[in-house]
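# Coordinate analysis (summary)
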Amino acid sequence: MCKLRILYVASEIDPFLQTTEVANFVRMLPQAMQERGMEIRILVPRFGLINERKNRLHEVVRLSGINISVGDEEKPLIIKVASIPNAKLQVYFIDNEDYFQRKYVFVDKENRFYKDNDERAIFFCKGVIETVRKLGWSPDIVHCNDWMTSLIPMYLKSTYKNDPLFKNTKTVFTVYNNPFQHKFSVDLLDKVKMIDVEDSMLEPLQSADFEGFIKVGIRYADAVVKGDEQYSESLTMLFDGVDGNKKIDTFDKDTDYLDSYYNLYNELAG
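Residues numbered from 1 in each chain as written. Predicted model: local features only at pLDDT ≥ 70, side-chain atom pairs only at ≥ 80, totals over all residues. Heavy atoms only, no water.

Time to look at the overall build of the protein. When you go through the protein residue by residue, the secondary structure sums to nine helices and 11 strands. On C-alpha atoms alone, the protein measures out to a radius of gyration of 17 Å, which is about the 18 Å that the 2.2 N^0.38 rule sets for 270 residues. In terms of its C-alpha atoms, the protein occupies a principal-axis envelope of roughly 45 × 45 × 40 Å. A burial count over the protein gives 56% of its 270 residues as buried. (Helix = DSSP H or I, 4+ residues; strand = E, 2+ residues; numbered from the N terminus. Rg over C-alpha atoms; globule rule 2.2 N^0.38 Å. Buried < 20%, exposed > 50% of the residue type's maximum accessible area, 1.4 Å probe, protein only.)

Written as structure tokens, this is what we have:
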């Protein structure tokens, strides 16, 4: 069996940032897969809570310098890297002064949801793909975790479908019960659009909310995994209404879920 290349994408990873269970999952699973012989890359945002000096982040100049378009604006992409202590794993951080220099993640100190979190997600998803292109590294599997990564499967099946690096790439989308109540402005669809992204592809996002992002991830991912045991009623209904051809996996964290992911990756990669 050939050595698979797995790209993990998430909003956080322990020990750099930990606000939900996603951070623990994205810390443990990549190392487990690496120990089973897989080649791993990890990309997360460089939120302002992450102490660069303490965690020894440094800029990767050869990867930085790309401009990422979000709507009518272009924002410079900065890539930083750090090593996970006691593990042979590096983490790449997507950074931008306008989006990720704040000392909070998705809400401010008054617990108000940032109105530009949609732009931050768009920038992050595009930045991940462009960083991988700059690395010249062709992933067999891109494993996306939580709502902030949900646009990546769609972009890979549209804008980047003819890119040789992603010719055989499959995507996994793990859904977590980390909802927000905010509804984004009506220009969300315009900001998400890229070359070869048809209006019909954005139909799930018309609600401009958390579930809209989840719907996009589910629709375009090659495999979907439930990352939690319990979900809100509306999300449960969303899973129940998925096309019969789309498999929704639930892996029991108390048993052999590492084997389950290992088998899933190999099955998708063929």
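We now examine the pattern of salt bridges. Tallied over the entire structure, the rule returns 19 salt bridges. The shortest N-O distance in the salt bridge between Asp116 and Arg102 comes to 2.5 Å. Highlighted residues: Asp116 in the loop between helix H3 (97-100) and helix H4 (117-135) and Arg102 in the loop between H3 and H4, separated in sequence by 14 residues. In this structure Asp116 comes out as buried when scored by relative accessible area, which is 18%. A salt bridge links Lys191 to Asp187, with the nearest nitrogen and oxygen atoms 3.7 Å apart. One salt-bridge network, in which partners are shared between bridges, spans Arg46, Glu52, Lys80 and Asp95. (Salt bridge = Lys/Arg side-chain N within 4 Å of Asp/Glu carboxyl O.)

Right, let's talk about unusual backbone geometry for a bit. The peptide bond linking Asp14 to Pro15 adopts the cis configuration, its omega dihedral lying at 10°. Note that Pro15 resides in the loop between strand S1 (5-9) and helix H1 (21-35). Although it is not a glycine, Asp146 adopts a positive phi angle of roughly 75°. If you trace the backbone, Asp146 turns up in the loop between strand S8 (141-145) and helix H5 (152-156). A positive phi angle, near 55°, is found at Ala208, a position not held by glycine. Checked against the element boundaries, Ala208 lands in the loop between helix H6 (188-192) and helix H7 (210-220). Looking at Ala208, the relative accessible area reads 8%, which means it is buried.

Taking 1.5 Å as the rise per residue, helix H9 (residues 257-269) with 13 residues should run 18 Å; its terminal C-alpha atoms sit 18 Å apart, in good agreement. Along H9, the positions that sit buried rather than exposed are Tyr257, Ser260, Tyr261, Leu264, Tyr265, Asn266 and Leu268. Buried residues along H9 sit in contact with S1, H1, S8, strand S9 (170-175), strand S10 (223-226) and strand S11 (248-250). Residue Gly270 follows H9 closely and has a positive phi angle near 75°. (Expected span 1.5 Å × (residues − 1). Contact = heavy atoms within 4.5 Å.)

In the sheet, S9 pairs with S10 via four bridges, with the strands oriented parallel. Looking across to S10, one finds that Phe173 is bridged to Val224. Pairing of S10 with S11, which is carried by three bridges, proceeds in the parallel orientation. Following the sheet pairing, Val224 is matched in S11 by Ile248. (Pairing = 2+ DSSP bridges.)

So, about the nonpolar core. Within the largest apolar cluster, 102 residues are counted, with the highest numbers of intra-cluster contacts made by Ile42, Leu151, Met154, Tyr155 and Tyr265. No other element matches the nine residues that H4 contributes to this core. In this structure Tyr155 touches Ile122, Cys125, Lys126, Ile129, Tyr160, Val192, Met194 and Val197, once residues within four positions along its chain are discounted. (Core = buried A, V, L, I, M, F, W, Y, C linked by side-chain atoms within 4.5 Å.)

With that settled, the discussion passes to the packing of H1 against H9. Interhelical geometry of H1 versus H9 gives an angle of 65° and a closest axis separation of 11 Å. One way to sum up the angle between H1 and H9 is to call them roughly perpendicular. Viewed along their axes, H1 and H9 form a crossing whose handedness is right-handed. In this structure, H1 uses Phe25, Met28, Leu29, Ala32 and Met33 to contact H9, whose residues at the interface are Tyr257, Leu258, Tyr261, Tyr262 and Tyr265. Its residues placed into classes, the contact of H1 with H9 shows 10 nonpolar, no polar and no charged. (Axes fitted to C-alpha atoms, helices over the stretch in contact; angles between N-to-C directions. Parallel < 35°, antiparallel > 145°, perpendicular 65-115°, else oblique. Left-handed = near helix turned anticlockwise from the far one by under 90°. Nonpolar A, V, L, I, M, F, W, Y, C, P; charged D, E, K, R; others polar.)

Another aspect to go through is the pairing of strand S5 (residues 73-76). Bridge analysis of strand S4 (residues 67-70) against S5 gives four bridges, and the strand direction is antiparallel. Bridge pairing in S5 places Ser69 opposite Glu74. Between the end of S4 and the start of S5, which pair antiparallel, lie two residues, with Gly71 showing a positive phi angle near 65°.

As a further point, take the packing of aromatic side chains. Applying the stated rule across the entire model yields 20 aromatic pairs. Their ring planes at 75° and their centres at 5.8 Å tell us that Phe184 and Phe213 sit as a pair that is edge-to-face. Taken as a pair, Phe184 in the loop between S9 and H6 and Phe213 in helix H7 lie far apart in primary sequence, 29 residues in all. The pair formed by Phe184 and Phe213 is uniform in burial state, with each residue classed as buried. Aromatic rings pair up to connect Phe47, Tyr99, Phe100, Phe106, Phe113, Phe123, Trp147, Phe180, Phe184, Phe210 and Phe213 into one cluster. The positively charged end of Arg36 is found above the aromatic ring belonging to Tyr262, 5.5 Å away from the centroid. Sitting over the face of the ring of Tyr99, Lys75 holds its NZ or CZ atom 5.4 Å from the ring centroid. (Phe/Tyr/Trp six-rings, centres within 6.5 Å; stacked < 30°, edge-to-face > 60°. Lys NZ or Arg CZ within 6 Å of the ring centre and 35° of its normal.)

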